[in-house]
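Working through the structure, step by step
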Amino acid sequence: MYGSASTHDLPTTALTGLENEDPILLAEFEARINRGEKIEPGDWMPALYRKQLTRMIEQHAHSEIIGSLPEGTWITRAPGFRRKMAQMAKVQDEVGHAQLLYSAAETLGKTREEMLTDLINGKSKYSNVFNYPTPTWADSNVISWLIDAGAIVNQLANAKGSYGPYCRALDRICAEEAFHLKYGHDAVVHMATGTPIQRKMMQEALNRWWPAIMTFFGPSDKMSVHTEILMRWKVKMASNDECRNQFLDMYVPKILEIGLTLPDANLRKNEETGQWEFTEPDWEDFKRVINGDGPCNAERIAVRRAAEENGAWVRRALLTPKAQYVRPLA
Amino acid sequence: MNPTLDLLYRLADDQLILGHRNSEWNGLGPILEEDIAFSSMAQDKLGHSLQLYSLLHALGEAEPDTVAFTRNAPQFHCCQLVELPIGEYDFSLTRHFLFDHAELLRFEALATSSYEPLAQVARKLRGELKYHALHANTWMKRLGTATDEAIERMQRSLDFTLPYALGIFEKTDAEAEIISSGLFVGEDELRGRWLESISKVLAQTALEVPDVLALTPVLGGRHGQHTEHLQPLLDEMAEVFRLDPTADW
């Protein structure tokens, strides 16, 4: 898991400031990106590029650790050895992804501690889907399969982006996500083809999660018009709608194939355009939740805050007076 | 109880319950690296318990899932140390240090057990437990020599945890037969080795070690007497499994 474009789009005001950049350096920078070269930590880059990448990688890292919470809560309740061990390993991977991503973001100059402080103070965001609850084991399975699937669509695209450390982290993350997808699919199939109790639990979880899944890739392209420069700099590699369409192409048939239904009567593929049609997600609700007023925002941040506060003495004990912060090279 | 079953249940239940507890550190560690480390150890311990329950199954006991997910607290043979809640990091680290030193020495000894299936498992597990002990030693030494705050916390946790740790070595009625049949060297012998082993590490810290053998051990776990914390843990563990015992999850 769990990166998504849903929180990456720049506000209009952030798209100013290029006039302060050296035009020759900027032209060279853009030429390098056009040639398909990777930008590395020590290289010149526009302030806006640094800022946007920091924000994007940081949000991705936050999504990994916050995302580990709704699934993590099912580790202690996973039914049977096989699931319990796999759930542990899967969630552990997500925390490992956060570790990789914080390191990648640190190469741009912001420390992990600063990023985590911004997270618990609400200054930086994470993927909005984790503000929804996972009341049953089946909800956790839906995340493992379909949220991870969505993340892979997004991350495979972003792995072809322009910033070297982020691309390398994404390559490693995608390799692990491929296993999560198999794990999630296997768990969902067992439930969807299992006893009546299991089938009901799975269908209800899918119904609960479908609206959030449809918002996972972020607002419709019609609504987010400020991504042109991010596409040109290969920060954002595919539009929200492209990712969403690809996801629906890949997973709707798989969902229906195992006898589950989807709670959107308008969902169908337009064979002429190749585009999926569906009931427009409630973007007002999406905005409300992303801005802090969702069912689990407070709980997620509270858990993270408690971890930060309870563990502060350990981090203080690890500090050595002579140590200085050094940006990792990743 | 048959001495082999008696021994295996104690070993397996310890690993299962501590593995479960360690997994609760997901999302709560003082640094991400410790979330990850505790998860690795939790996965190992769960895997160890599965191998031991599989040995029990081969001896005619129920399937590992049934044994692990359907018994209640009085049927568990774990020591009380492993069932205590994770608390703060200083307690979890101290428990991990005291328990895994005992486990490493236990499985080193079991590698020559007269019960060959167990000896085989032990030869495999001891390699993993070596890393658990190494992890614990690294952190005990680091935090046990760091700030006053850290040393004070670690001291408090050590003082609190040691009596529970002595409960690891609680004997059952099968003890004499376990030793005479060559299944295992016995709990007294293990406790002596353990004390030597932890003392070496603690000597490299600023922590004060009491006269451990003069402490009153917390006993009962090996005989099905548990703290108030075990049954809720088991209820949580079985919450989904019990929804539909006929289901394949």
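That block above? That's the structure.
Now for a description of the structure that goes with this document. Just so it is clear, the model here is predicted, and its values are computed rather than measured. (Residues numbered from 1 in each chain as written. Chains lettered and ligands numbered in written order. Predicted model: local features only at pLDDT ≥ 70, side-chain atom pairs only at ≥ 80, totals over all residues.)

**Considerations on the overall build of chain A**
Rules: Helix and strand assignments come from DSSP, with helices taken as H or I runs of at least 4 residues and strands as E runs of at least 2, each series counted from the N terminus. Computation of the radius of gyration draws on C-alpha atoms, with the globule rule given as 2.2 Å multiplied by the number of residues to the power 0.38. Working definition of burial: number of other C-beta atoms within 10 Å of the residue's own, with buried at 20 or more, exposed at 12 or fewer, and partly exposed in between, all C-beta atoms being placed from the backbone. Throughout, a pair of residues is in contact if the C-beta atoms placed from their backbones lie within 7 Å.
Helix and strand counts for chain A stand at 12 helices and 2 strands. Its C-alpha radius of gyration of 20 Å places chain A within 12% of the 20 Å reference for a compact globule of 330 residues. Overall, the C-alpha framework of chain A stretches about 65 × 60 × 35 Å when taken along its three principal axes. Within chain A, the proportion of its 330 residues that are buried is 44%. Look at the contacts in chain A between residues 6 or more apart in sequence, and 80% of them connect residues 24 or more apart.

**A closer look at the overall build of chain B**
What chain B contains, in helices and strands, is 10 helices and 0 strands. Ordered by position from the N terminus, the helices and strands of chain B form the series α-α-α-α-α-α-α-α-α-α. Relative to a compact globule of 249 residues, whose C-alpha radius of gyration would be 18 Å, chain B shows 18 Å and is just as compact. With respect to the three principal axes, the spread of C-alpha positions in chain B is 55 × 45 × 30 Å. The buried share of chain B, taken over its 249 residues, is 49%.

**Regarding the packing of helix 5 (residues 137-158) of chain A against helix 9 (residues 240-257) of chain A**
All names here are of chain A. In plain terms, the rule: Whenever a helix is involved, its axis is fitted only over the stretch in contact; in every case the axis is a line through C-alpha atoms, and angles between N-to-C directions fall within 0 to 180 degrees. Angle categories: roughly parallel below 35 degrees, roughly antiparallel above 145, roughly perpendicular from 65 to 115, and oblique for all the rest. By definition, turning the near helix anticlockwise from the far helix through less than a right angle yields a left-handed crossing, and turning it clockwise yields a right-handed one. Each residue is assigned to one of three groups, with Ala, Val, Leu, Ile, Met, Phe, Trp, Tyr, Cys and Pro labelled nonpolar, Asp, Glu, Lys and Arg labelled charged, and all others, Gly among them, labelled polar.
Contact geometry of helix 5 with helix 9 gives a least axis separation of 10 Å together with a crossing angle of 130 degrees. The orientation of helix 5 relative to helix 9 falls into the category oblique. For helix 5 against helix 9, the interelement crossing comes out right-handed. The segment helix 5 lies against helix 9, with Leu146, Ala149, Gly150, Val153, Asn154 and Ala157 engaging Cys243, Gln246, Phe247 and Tyr251. Within the contact of helix 5 with helix 9, the residues separate by chemical class into 7 nonpolar, 3 polar and no charged.

**Digging into the environment of Val121(B)**
Residues and elements named next belong to chain B. Positionally, valine 121 belongs in helix 6 (residues 116-143). The class of valine 121 is buried, set by 22 C-beta atoms lying within 10 Å. Excluding anything up to four places from it in sequence, valine 121 contacts Gln51, Leu52 and Leu55.

**Some points on the packing of helix 6 (residues 164-192) of chain A against helix 7 (residues 196-215) of chain A**
Residues and elements named next belong to chain A. Running from N to C, helix 6 and helix 7 cross one another at 125 degrees; their axes reach a closest spacing of 7 Å. Between helix 6 and helix 7, the angle falls in the class oblique. In contact with Val188, Met191 and Ala192 of helix 6, helix 7 contributes Gln198, Arg199, Met201 and Met202. Per-class residue counts for the contact of helix 6 with helix 7 are 5 nonpolar, 1 polar and 1 charged.

**Some thoughts on the interface of chain B and chain A**
Frequently, the measure chosen for interface size is the accessible area that the parts lose on association. Taken together, the contacts link 43 residues of chain B with 37 residues of chain A. Listing elements by their share of the side of chain B that touches chain A, those giving two or more residues are helix 1 (3-23), helix 2 (32-58), helix 3 (64-70), helix 7 (148-166) and helix 10 (230-237) of chain B. If one sorts the elements of the side of chain B that touches chain A by residue count, helix 2 of chain B sits on top with 11 residues. Classifying every residue of the side of chain B that touches chain A by side-chain character gives 21 nonpolar, 11 polar and 11 charged.

**A look at helix 3 (residues 81-106) of chain A**
Inclusion rule: To estimate how far a helix should extend, the number of its residues minus one is multiplied by 1.5 Å.
Here helix 3 of chain A spans 38 Å end to end across 26 residues, near enough to the 38 Å set by a 1.5 Å rise per residue. The buried fraction of helix 3 of chain A is high, at 23 of 26 residues.

**A short note on the environment of Leu119(A)**
All names here are of chain A. Here leucine 119 shows up in helix 4 (residues 112-120). Once the C-alpha coordinates of leucine 119 and histidine 62 are considered, the two residues, 57 residues apart in sequence, prove to be 7.2 Å apart. Residues contacting leucine 119, with those up to four places away along its chain left out, are His62, Ser124 and Arg304.

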